[in-house]
Each structure stands twice: as structure tokens, then as C-alpha cells.
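Inside the fold
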Amino acid sequence: MLIEHRGRRPVVPDSAYVAPSAVLCGAVVLGERARVLHGAVLTAEDGEIRTGSDVVIMEHALVRGRARHPAILGDAVLIGPHSHVNGATVEDEVFVATGASLFPGSHAGAGAELRINSVLHVNSRLEPGAVLPIGWIAAGDPATLFSPDRHDELWELQRTLDFPGTVYGVPRETTMREIMSRQTRFYGAHKDDRTLED
């Protein structure tokens, strides 16, 4: 399904394929031979999504573009099922496995692998060719890799990456009530969306 959002429409070349149950919303530009499979959602909230050529976005993946952090996918990239690419840059030939997450301002270098359920944190950079193991977290620029049992060490670095400021544009001490008030106003823009005919 193609949806106009904030006056912007998806651009899909003839060589691309978008499954009938996939959603492309707003300023989404697919590259040649891109494939967007069933249930995937590419939503350009207030920032673009661009893919290179020969990109496959698998079932139920979410790719989100943001004003300060567009989602940019290079050539020959695989975005696995149930993965989450939110305002991240993914260079050429990157493998993003099932359930992996890339947060705003993150950057996966060419040829990197983000394995099942791994996380590339906000404002963090995974070096070209790096492998982020199953369930591990990468944080920092350049990224340090943390196993799930190293949460306290991760938090020492993670809190310097400014998740609330990067994702929500607020200081860390902002209450959830204020954050969600802002978020409901922001996503209220979807009330004006228009579904486009094929």
C-alpha cells in the first residue's frame, strides 16, 4: 500500500516489487530491483527513507525515516524479518538479521553483519566488516560490543549517547507524560494521510 504523508509520496521504480500487504508511507524512495516483502512497513515520518539497488526488506521489518536522521540503505542490503531500522544509515552489503535493531543516528559500515536480535545503539558506529553477535549490543563511535550480561558497563557508555535527546528531542529528566504528549501530537499528522491508487 502506498500512502501520501505530509504531502510526500513514495517513489517505486518499475523494477522494484512491493508486496500487497507492505506499507510505504511518505517520502520513501526505493532503488532499482528493491524488494519489500509482506507486512514490512517503511514510514517516512518527517524524514526520508532511501534504498540503494538490490535491497531486500523482509517480512514485518520496520524502517523509519526521521527529520534529523533519515533512513538510508545502501546497495545489496538485507533487512531481515522483524528487524527495526530507525533513522539509521546502512552502507552497502550489510546483513541485518531477524530482530536486529538500529536506532537513530546509528551507522553500520559496509559489509557489517548485525546478527539475530542484536542492537546498534543511538549515535553509534559499527565499523565496516564488523560482526555484532547474536543478542549483543554495540554502543559508541566507534562501537564497543557488549554481551547482554554486561548491562552495567553498557549503561555507563549508553547514557552518554543521549537516547532521549536523539529520539524524542528532550532532556533525560523529561517525564513520560510530556514525551507522550509530544509523540501523540507528532503522529497525529497521519490523520491527514491519503492512500494512493495503484
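It should be noted that the structure appears before, not after, this text.
This section reports on the structure supplied with the text.

Definitions and cut-offs
Residues numbered from 1 in each chain as written. Predicted model: local features only at pLDDT ≥ 70, side-chain atom pairs only at ≥ 80, totals over all residues. Heavy atoms only, no water. Helix = DSSP H or I, 4+ residues; strand = E, 2+ residues; numbered from the N terminus. Rg over C-alpha atoms; globule rule 2.2 N^0.38 Å. Buried < 20%, exposed > 50% of the residue type's maximum accessible area, 1.4 Å probe, protein only. Contact = heavy atoms within 4.5 Å. Areas by Shrake-Rupley, 256 points an atom, 1.4 Å probe, with all protein chains shown as cover. Lys, Arg positive; Asp, Glu negative; His and termini not counted. Charge placed at Lys NZ, Arg CZ, Asp CG, Glu CD. Pairing = 2+ DSSP bridges. Salt bridge = Lys/Arg side-chain N within 4 Å of Asp/Glu carboxyl O. Phe/Tyr/Trp six-rings, centres within 6.5 Å; stacked < 30°, edge-to-face > 60°. Polar contact = N/O pair within 3.5 Å; in protein donor to acceptor, adjacent residues only side chain to side chain.

So, the overall build of the chain
Looking only at helices and strands, the chain features three helices and 23 strands. Computed over the C-alpha atoms, the radius of gyration of the chain is 17 Å, within 12% of the 16 Å expected from 2.2 N^0.38 for a compact globule of 198 residues. In the chain, which comprises 198 residues, the share counted as buried stands at 47%. Taking contacts inside the chain between residues at least 6 apart in sequence as the whole, the part at least 24 apart equals 13%. Working note: accessible area of the chain is about 9600 Å², and carbon and sulfur atoms make up 53% of it. Treating the 19 positive side-chain charges of the chain as one cloud and the 26 negative ones as another, the clouds have centres 7 Å apart.

Some details on the pairing of strand β6 (residues 41–44)
Here three bridges tie strand β3 (residues 23–25) to β6, and the two strands are oriented parallel to one another. In the sheet register, C25 faces β6, and the bridge partner there is T43. Pairing between β6 and strand β9 (residues 62–65): four bridges, direction parallel. The partner of T43 across the bridge, within β9, is R64.

Here's the deal with the pairing of β9
Here β9 runs beside strand β12 (residues 84–86); their pairing, made up of three bridges, is parallel. Residue pairing for β12: L62 is matched across the bridge by H84.

Observations regarding the sheet that holds strand β2 (residues 17–18)
Whether parallel or antiparallel, the strands of a sheet pair through hydrogen bonds between backbone atoms. Pairing is parallel across the open sheet formed by seven strands, whose spatial order is β2-β5-β8-β11-β14-β17-β20. This sheet does not close on itself; its edge strands, each paired only once, are β2 and β20 (131–132). Bridge count for β2 against strand β5 (residues 35–36) is two bridges, and the pairing is parallel. Residue pairing across strands places V18 opposite V36, the latter belonging to β5.

Quick notes on the sheet that holds strand β10 (residues 71–73)
The six strands are arranged β4-β7-β10-β13-β16-β19 in an open sheet whose pairing can be described as parallel. Bordering the open sheet on either side are β4 (28–29) and β19 (125–126), each of which pairs with just one other strand.

Here's the deal with the pattern of salt bridges
Scanning the model with the defined rule gives 10 salt bridges in all. Linking E156 and R159 is a salt bridge whose minimum nitrogen-to-oxygen distance equals 3.0 Å.

Considering the packing of aromatic side chains
This structure, assessed with the given rule, holds three aromatic pairs. Between F103 and F163, the ring centres sit 5.8 Å apart and the planes meet at 65°, which makes this aromatic pair edge-to-face. Placement of F103 in the loop between β15 (101–102) and β16 (107–108) and of F163 in helix α2 (residues 163–168) is noted, with a sequence separation of 60 residues between them. Residue class for F163 comes out partly exposed when judged on its relative accessible area of 24%. Aromatic pair F186 and Y187: ring centres 5.0 Å apart, planes at 80°, arrangement edge-to-face. A residue is classified by how much of its surface remains accessible, and F186, at 25% relative accessible area, is partly exposed. In this structure an aromatic cluster arises from ring pairing among F103, F163 and Y168.

Things to note about the side chain of S106
Relative to the helices and strands, S106 is located in the loop between β15 and β16. Its relative accessible area of 1% is what places S106 among the buried residues. Within the structure, S106 has its side chain in polar contact with the backbone oxygen of F103 (distance 2.6 Å). When near neighbours in sequence (up to four residues on either side) are disregarded, S106 contacts G87, A88, T89, L120, H121, N123 and S124.

Focus: the environment of A97
Within the secondary structure, A97 sits in the loop between β14 (95–96) and β15. Considering only alpha carbons, one finds A97 and P10, 87 residues apart in sequence, at a separation of 25 Å. Beyond its immediate chain neighbours, meaning those up to four positions away, A97 contacts G80, S83, L114, R115 and I116.

Limitation: the analysis is restricted to geometry and does not speak to function.
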